[in-house]
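The chain contents come next:
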Amino acid sequence: MFINKNPSAVVKPNNKPEDIKEIIHGNVVRDPYRWLENKDDPEVKKWIDGQNINARKYLDSVSQRKDIGQKLEKILDAKNGDAPYPAPTFLPNGKQRYFVYVSSPEKEHPVLCYKDGEDGELNVAVDPNKISKDGKVAILDYFPNHDGTVLAYALSEGGVDTVSVNIIDLRSGQIHEDKLENLKLFSMEWVSHNYGFYYSAWPDIETHSAPEKVAHVYFHKMGTQQSEDKEVFGVGLGANKSCSLDRSSDGKYLIISVSDNVNNELYYKKFSVSDNKINPLITGRNAEFYLLDIHGKNAYILTDLDAPNYSVVRLNMNNPNTKWKTVIPECDAVIENAVLVNNKIIVNYLDNIYSKIRIFSLRGALKKEVDLPENGYATLPDSNAEGDSAFLNFGSFLSPTRTYRLDLKNYSLEAVSDNTIDFDFTKFEFKQIMYKSADGTEIPMFLVHKKDIKLDGNNPVLLYGYGGFNDPAVPKFNATILPFIEDGGVYAVANIRGGGEFGKTWYNGGRHKNKKRSFEDFIYAAEWLVGNNYTNKDRLAIRGRSNGGLLTAAAVTMRPDLFKAAIVEMPISDMIRGSDKDISPLCSLEYGDPKKAEDIGFMLEYSPYHNIKEGEHFPSILVITGENDTRCDPMHARKFAAHLQDSTASQNPILLLTIKGIGHGGELFPVPDSIQKEWTADWLAFVYNELGMRASDGKSRDIKIAKRD
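One structure accompanies this document, and this report is about it. (Residues numbered from 1 in each chain as written. Predicted model: local features only at pLDDT ≥ 70, side-chain atom pairs only at ≥ 80, totals over all residues. Heavy atoms only, no water.)

A word on the packing of aromatic side chains
Evaluation of the coordinates by the stated rule reveals 28 aromatic pairs. Relative to Tyr 491, the ring of Phe 397 has its centre 6.4 Å away and its plane inclined at 80°; by these criteria the two rings are edge-to-face. Placement of the pair is Phe 397 in the loop between strand 28 (389-396) and strand 29 (399-407) and Tyr 491 in strand 34 (residues 490-494), with a sequence separation of 94 residues. Residues Phe 397 and Tyr 491 agree in their burial class; the two are buried. (Phe/Tyr/Trp six-rings, centres within 6.5 Å; stacked < 30°, edge-to-face > 60°. Helix = DSSP H or I, 4+ residues; strand = E, 2+ residues; numbered from the N terminus. Buried < 20%, exposed > 50% of the residue type's maximum accessible area, 1.4 Å probe, protein only.)

Encoded structure:
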């Protein structure tokens, strides 16, 4: 019989707490582990190494970790190319050039390739595996010019936000001498004839002056040095703003979006080298605006202005201050994104968190609702405004994501990629339930499990949540959960407030002064799972990363009695000291600003680091961070883990694992394939061990669990 390992073998570290306290806006703020903020301190480095030794001692002692790793290896090695990405215009031969990432098991990162036409031969554009054989360098983004012959690509080393930008001529394979270095929050758009490009970035270098934490816009002329680049936009915007760039498919307009992470404004510039004037397009509206495209003189904009579920409006570029025309009005479903293709608007809705694709004319007449394969989640990549087809990615919890071609003449869908995984999906099901939160609000939750599940209150359950930044938790395919559900687990996804599942109202319900509602929604999801006999408190684990790491950290400090185990990945935990780290100031409208007296009270009320109670019986907790994380500074993980280790009265393991050589991870920051597999195997092994699961045979409900308290 397999039971949990005795955690007493894990050595309790010397965390050296100090009696540090400050009075901030009348609030007493204690900070006993401030010394762990300085990652360059030799003592901190030694402490991190000691924590890793402890974590590895536990994880490597889990006898099933090898079996879990082998399962993951088999599943994650399945090929899964991204959707084709067409360059902004047709090539001279009348075909489109498509860019696509191609994965293979033997490579640490996908290879960026291109092909001419849908049936064209694949050619390698950039192979990051040849740039760095150990996987430290990855492509964060790429930007083809107007005819797809020249490509700029942004490289990150070690998973950080800061990128370098190289430029390659795909006709000759020659890499240009032009190179940009040390840029954060980078985006760019080419001008015609490869004369140069505009780019937005938050610079780290002395050659650019940006005293406020804000991304400005610059122009780079090909054949010149980066130090000669001209700043063309951004001065006077104020702190904590970021700029991003877009262009109309006809190549006539550059669009600049200035965002505070909640709302944004739009500016535009005509693509003429001689005309450097940048004009306001939409300003001062306190809403979100996304350019879909400009068709003739009309700009089509996706917005939540007076429409929390979003609508599509049309405005005249020659006179944008005239009354806008609503083309596609708000409805009960949320518009997640939309594209303009061949005089049609393809709209991707979230309807009760399932994707719906509808096609409209430019005047807003509904032409067709596309028949998707099942209830699931779709994404619409950018598409060429002139094409006869568009592409979408589609999958579900139990259907691997595939790329489909949408024929805009007969509106049929055809799968153009395969993603075959050796897994019997027919034995499983997923469903959506509703539960009530603390204030009576109905919250949806997805459940994924075997069809023959017994509601005997003894199933191992892994509850996941995010609840932030207007980002919905959707029913998309996630290969890493397959071993867990195959071995009898129930995977649950709570659609808590703070996400974008039901538009801006749902987001605002769990943002800023309402942030604690997200955590309450999550806790009530756990209560529902126990109360409805899916599991019990000794078989319930929670997991979240980034903003979700904050969520799970808050959950274990608010209700430590409710969970057996928690995975806290890449978290934010100190809401007071962490606000000035890296890009954190851009998140003040999400979490609050501790420099403001009106914010610090509610921030201290939920800040996980400040709500750890001495002598509390905390569950088993695995805190994971990336050594180079510039989104959620690793100091959050260090301080949180140390405080928990010194405060807990239980014998449950509290571990900190710092993964070397990576940053924040996730879709934006690719992690080398070998590290991703090891990382996933580690947290799964922790969950299996703490919930008393047995790998491979699916009989986990018969296993006895060792009691520690």
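Overview of the packing of helix 1 (residues 42-60) against helix 11 (residues 673-691)
Helix 11 packs onto helix 1 with a crossing angle of 60° between their chain directions and a minimal axis gap of 10 Å. One element, helix 1, and the other, helix 11, form an angle in the oblique class. With respect to the hand of their crossing, helix 1 and helix 11 are arranged in left-handed fashion. Between helix 1 and helix 11, the residues in contact are Arg 56, Tyr 58 and Leu 59 and Asp 682, Phe 686, Asn 689 and Glu 690, respectively. Considering only residue class, the contact of helix 1 with helix 11 consists of three nonpolar, one polar and three charged. (Axes fitted to C-alpha atoms, helices over the stretch in contact; angles between N-to-C directions. Parallel < 35°, antiparallel > 145°, perpendicular 65-115°, else oblique. Left-handed = near helix turned anticlockwise from the far one by under 90°. Contact = heavy atoms within 4.5 Å. Nonpolar A, V, L, I, M, F, W, Y, C, P; charged D, E, K, R; others polar.)

Overview of the packing of helix 6 (residues 515-531) against helix 7 (residues 547-558)
Running from amino to carboxyl end, helix 6 crosses helix 7 at an angle of 70°, the nearest separation of the two axes being 9 Å. As judged from the angle between their axes, helix 6 and helix 7 are roughly perpendicular. Every pair of crossing elements has a handedness; the one defined by helix 6 and helix 7 is right-handed. Taking contact as the criterion, the partners of Lys 515, Lys 516, Ser 518, Phe 519, Glu 520, Phe 522 and Ile 523 in helix 6 are, on helix 7, Asn 547, Leu 550, Leu 551, Thr 552, Ala 554, Ala 555 and Met 558. A class-by-class count of the residues in the contact of helix 6 with helix 7 yields eight nonpolar, three polar and three charged.

Remarks on the pairing of strand 1 (residues 21-24)
When strand 1 meets strand 2 (residues 27-30), the two strands line up antiparallel, connected through four bridges. Residue pairing across strands places Ile 24 opposite Asn 27, the latter belonging to strand 2. (Pairing = 2+ DSSP bridges.)

Considerations on unusual backbone geometry
If you check the backbone angles, Asn 286 has positive phi at about 55° while not being a glycine. With respect to the helices and strands, Asn 286 occurs in the loop between strand 18 (279-282) and strand 19 (289-295). Classification of Asn 286 by relative accessible area gives exposed; the value is 70%. Phi at Ile 353 is positive, roughly 75°, even though this residue is not glycine. Following the sequence through the fold, Ile 353 ends up in the loop between strand 24 (344-351) and strand 25 (354-361).

What to know about helix 6
If you check helix 6, its first and last C-alpha atoms are 25 Å apart, about what 17 residues at 1.5 Å a residue would give, namely 24 Å. One or two residues past the end of helix 6 sits Asn 533, with phi positive at roughly 65°. (Expected span 1.5 Å × (residues − 1).)

Details of the sheet that holds strand 24
Strands sit in the order 23-24-25-26 across an open sheet of four strands; the sheet is antiparallel. Edge strands, defined here as strands with exactly one partner in the open sheet, are strand 23 (334-341) and strand 26 (366-369). Pairwise comparison of adjacent strand axes, ignoring direction, gives a mean angle of 25° for this sheet. Pairing geometry for strand 23 and strand 24, over seven bridges, is antiparallel. Counted as the bridge partner of Ala 338 is Val 347 from strand 24.

As for the sheet that holds strand 20 (residues 298-303)
In spatial order, the strands read 19-20-21-22; together these four strands make up an open sheet with antiparallel pairing. Either end of the sheet is taken by a strand with one partner, and the two such strands are strand 19 and strand 22 (325-328). Direction aside, the axes of adjacent strands within the sheet are offset by 30° on average. Of the pairings in the sheet, the one linking strand 21 (residues 311-316) to strand 22 comprises three bridges and is antiparallel in character. Looking at the pairing, Val 313 lines up with Thr 326 of strand 22.

Quick word on the pattern of salt bridges
Tallied over the full model, the rule gives 40 salt bridges. Among the salt bridges present, the one from Glu 486 reaches Lys 71, with a minimum N-O distance of 2.8 Å. Taken together, the residues span a long stretch of sequence, with Glu 486 in helix 4 (residues 482-486) and Lys 71 in helix 2 (residues 65-76) at a distance of 415 residues. For Glu 486, a relative accessible area of 29% gives the class partly exposed. (Salt bridge = Lys/Arg side-chain N within 4 Å of Asp/Glu carboxyl O.)

Details of the environment of Glu 616
Locating Glu 616 in the fold gives a position in the loop between helix 9 (597-606) and strand 37 (620-626). Taking the C-alpha atoms as reference points, Glu 616 and Asp 538, separated by 78 residues in sequence, lie 17 Å from one another. In contact with Glu 616, not counting residues within four places along its chain, are Pro 560, Ser 647, Thr 648, Ala 649 and Ser 650.

Some points on the side chain of Asn 419
In this structure, Asn 419 sits in the loop between strand 30 (413-415) and strand 31 (428-436). Asn 419 sits in the buried class, given a relative accessible area of 3%. At 3.3 Å, the side chain of Asn 419 forms a polar contact with the backbone oxygen of Thr 401. (Polar contact = N/O pair within 3.5 Å; in protein donor to acceptor, adjacent residues only side chain to side chain.)

Focus: helix 1
Over its 19 residues, helix 1 extends 26 Å from the first C-alpha to the last, a length consistent with the 27 Å expected when each residue adds 1.5 Å. Turning to helix 1, its buried residues number three or more, namely Val 44, Trp 47, Ile 48, Gln 51, Asn 52, Asn 54, Ala 55, Tyr 58 and Leu 59. One side of helix 1 holds all its buried residues, which, seen down the axis, span an arc of 160°. Pointing more than 90 degrees away from the buried face of helix 1 are the exposed residues Pro 42, Lys 46, Ile 53 and Asp 60. The inward-facing, buried residues of helix 1 contact helix 2, helix 10 (635-647), strand 38 (654-659) and helix 11. Two to three positions downstream of the cap, the backbone nitrogen of Glu 43 sits 2.8 Å from a side-chain oxygen, assigning the N-cap of helix 1 to Asp 41. (Arc of directions from axis to C-beta.)

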